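Observations on chain architecture
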2 protein chains.
Amino acid sequence: MTITAVRVTPIAFRDPPLLNVVGVHQPYALRSIVEVETGDGFVGLGETYGDTAMREGLTAVAPHLVGLDPFDLAGLRATIDRHLAAGTDAGLSVAPGTSRRNLPVKVDAAFEVAFLDLQGQLLGRPLVDLLGGAVRGRVPYSAYLFYKFARHRSQPEDDEWGAALDPDGIVAQARTMIERYGFESIKLKAGVFEPDAEADALRALAAAFPGAPLRIDPNGGWTVATSLRMAAQLEGVLEYLEDPAPGLDGMAEVARQVGQPLATNMVVTGFEHLPEAIRLGSAQVILADHHYWGGLRATQHLATICRTWGLGLSMHSNSHLGISLAAMTHVAAAIPNLTYACDTHYPWQEDEVVEGGKLTLERGALRVPDGPGLGVRLDRDALARLHEAYRTCGIRDRDDVAEMRAYRPDWTGALPRF
Amino acid sequence: MTITAVRVTPIAFRDPPLLNVVGVHQPYALRSIVEVETGDGFVGLGETYGDTAMREGLTAVAPHLVGLDPFDLAGLRATIDRHLAAGTDAGLSVAPGTSRRNLPVKVDAAFEVAFLDLQGQLLGRPLVDLLGGAVRGRVPYSAYLFYKFARHRSQPEDDEWGAALDPDGIVAQARTMIERYGFESIKLKAGVFEPDAEADALRALAAAFPGAPLRIDPNGGWTVATSLRMAAQLEGVLEYLEDPAPGLDGMAEVARQVGQPLATNMVVTGFEHLPEAIRLGSAQVILADHHYWGGLRATQHLATICRTWGLGLSMHSNSHLGISLAAMTHVAAAIPNLTYACDTHYPWQEDEVVEGGKLTLERGALRVPDGPGLGVRLDRDALARLHEAYRTCGIRDRDDVAEMRAYRPDWTGALPRF
């Protein structure tokens, strides 16, 4: 069983005008869909970032995977090492998804999932069985709330979610999302408004959903002083405080002085960050993300590290479709010490690229797909449609800052904001 | 594919009178052979320690594995958690192989290998493919030299190796071992004679085998002061100094003052030891051993930790036969950052329990077995013979101290010796 063809297809799907500390989501989010085919007709799937660097990295490696055995993850890594160098980033605080520094790791992750999908298909077993089997049959996700505009500039009418720009809007959004999907934990993407206003929203959520674990994530948009002030305000309200301040040092300074655990997907985004983060005590919860940690196996290694050093573990998400959700669910199902519900942007996406349309979240959780491999198959019509959207949407790299500048010409996206 | 039967067979095989810091090997070494059978006729193999506690732990768990799927390593772990509690140890410095503290982890490891063997057989692929594939086709081992008596008290004649009680004896032993197996690295088990005499042996080896990487392992038998004196004497001679002084603190004190890396399989024997060991800088090389680290997957996690924190990685060994050697070789083949040749006692064992007799080391390395699963099968006649040896040998727990007391009635085995 060897690989006979590899395809990388960039796609774009509709994304609402969700606000964050650096700006606002563009009308389309980009992804790359990876297909790895074997002679005997199996197709392994992967889904990852769709920015230019990522697309170039994937296509640089793809032809060299022909002839490899899908069980040869070591060969995959060696092939990537031969054909793709890590790049450098212009800015200091580039998000892991768009960084060029970890490009080989991200390319490895995308193809590893496709290889594991093939392994599962060959075995006729769900992918999780190749990760040691499931410790849970359902993986809990959290309601991922965003401040948002009612519509994109280009849209004539409000989207179905409408605006959420104050505590009432956020509570209404949470209510809709929880009614639809049954989430039991709630996360608020923050760093958008004055911190006190965001704390009001948190308290409104706590009042509206008593007992639901709450998180707030200003994406490093607060200074250490602001973080300390907010942590004091939110003492007892939060299960964790995510990335309040920038940098390993900033986070460590906050952590030393507050009661609740700090979580991060910004200052610890690769194995190389762990020694210093642990030494400084910069975070107490790591938000894993197989897309940039190097794949599903690497995520399991990270989980062992978290257990060994007494760190909590949850999962980060970017805008994604069903292939990524399936992969996230298989690996989360295999990790004993998944101590918090995972994040997912999935409810914000109307489009889908897998057969049968959107996967179904019940009581806030996704049942581990029980088909062979990932348990999802590509809908080729949807793929063609979303590729056409990529071709025509005019977006080639995610740029929330530029998008916000269309609303506020003086917008810089500089951090920390508050 | 579910498990229909599990067998645990204690065996004893001949072992030469090898000397170490606490005493001398008994005439027989003990192991447990694990067989996990599925309805469709596959038999997965595991090999581990054969002491009373281990045998009891394995047999307490064995019947409860019937009905499990061999891909369900999570179910294996859960079953062990339900039916086996960690024990406590009387002494402070009990070897990981005979400790009751890590009994569940060792039981997990033994069955995990058998489960993975079954997975490989079902797939028709070598076990290493289930670990991500091989980064090397041959796994290098080191010549493991021992001071030794010419024969056990009970033997009428010298064994084929004869005595090795001084530098000439050690060099002669190395020459025989390297002629037979082609080893390129050399390890001397030490802590037996005055440290200066052992340093003489090391220097004699360096002169006789120029360029061969050398290691010495006094098993924590030296004080910190002795360790520092010996490290200074052996500067430039050793690739690493293994477990010179006892305890995480003792090792850290030595490490702070010497140039060469310290290796350990005594002060870091489980994930729970890593945070403190890394904080203190107690060791620069970890000697992995899947038998007590929790299995082959856990050994891969350990390898990631070593790479992440910049620690070297090699492999520890106890007296063992071919099932263990095959398992060690599969996992070592899958680990990119195996930075040193592995240890093995294998050349000291005449007996074997696998079909075809002893596996063949060439140029100091074992080629990764390419048959399905572990690539070794049980020789049932040999198993019966070695089980009979267990039944009649009178040994139920390894006790090098008591064995030495037969030669030297005043022997205590207390550490540090020098």
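The preceding data block contains the structure.
**Points about the interface of chain A and chain B**
Frequently, the measure chosen for interface size is the accessible area removed from exposure when the parts meet. On the side of chain B, 29 residues touch chain A, which itself brings 29 residues to the contact. Of all residues in chain A, Phe71(A), Arg125(A) and Trp309(A) bury the most surface against chain B, accounting for 24% of the area lost on that side. Between chain A and chain B we count two salt bridges in total. A salt bridge links Asp69(B) to Arg125(A); the nearest nitrogen and oxygen atoms lie 2.8 Å apart. Remark: the boundary between chain A and chain B carries ten residue pairs in polar contact (both at pLDDT 80 or more). At the level of secondary structure, the elements contributing two or more residues to the side of chain A that touches chain B comprise helix 2 (73-83), helix 3 (103-123), helix 8 (274-280) and helix 10 (296-308) of chain A. At six residues, the largest contribution of residues to the side of chain A that touches chain B is made by helix 10 of chain A. Per-class residue counts for the side of chain A that touches chain B are 17 nonpolar, six polar and six charged.

**Notes on the pattern of salt bridges**
Tallied over the full model, the rule gives 49 salt bridges over all chains. Across the pair Arg380(B) and Glu35(B) runs a salt bridge, and its minimum N-O distance is 2.5 Å. Placement of Arg380(B) in helix 12 (residues 380-393) and of Glu35(B) in strand 4 (residues 28-38) is noted, with a sequence separation of 345 residues between them. For Arg380(B), a relative accessible area of 43% translates into the label partly exposed. According to the relative accessible area criterion, Glu35(B) is buried, its value standing at 1%. Measuring nitrogen to oxygen at the nearest pair gives 3.2 Å for the salt bridge that ties Glu276(B) to Arg279(B). Of this pair, Glu276(B) and Arg279(B) both sit in helix 8 (residues 274-280), separated by three residues, roughly a single helical turn. On the accessibility criterion, Arg279(B) (61% relative accessible area) is exposed. One connected set of salt bridges, linked through shared partners, spans Lys187(A), Lys189(A), Arg215(A), Asp217(A), Glu239(A), Glu242(A) and Asp343(A).

**Observations concerning the side chain of His345(A)**
Residues and elements named next belong to chain A. When you line up the elements, His345 lands in the loop between helix 11 (322-334) and strand 14 (365-367). Within the structure, the side chain of His345 is placed 2.8 Å from the side chain of Ser317, a separation counted as a polar contact. Once you skip the residues sitting within four places of it in the chain, His345 turns out to touch His25, Tyr144, Phe146, Ser317, Asn318, Ser319 and His320.

What counts as what
- Residues numbered from 1 in each chain as written.
- Chains lettered and ligands numbered in written order.
- Predicted model: local features only at pLDDT ≥ 70, side-chain atom pairs only at ≥ 80, totals over all residues.
- Heavy atoms only, no water.
- Contact = heavy atoms within 4.5 Å.
- Buried area = accessible area lost by both parts, 1.4 Å probe.
- Salt bridge = Lys/Arg side-chain N within 4 Å of Asp/Glu carboxyl O.
- Polar contact = N/O pair within 3.5 Å; in protein donor to acceptor, adjacent residues only side chain to side chain.
- Helix = DSSP H or I, 4+ residues; strand = E, 2+ residues; numbered from the N terminus.
- Nonpolar A, V, L, I, M, F, W, Y, C, P; charged D, E, K, R; others polar.
- Buried < 20%, exposed > 50% of the residue type's maximum accessible area, 1.4 Å probe, protein only.

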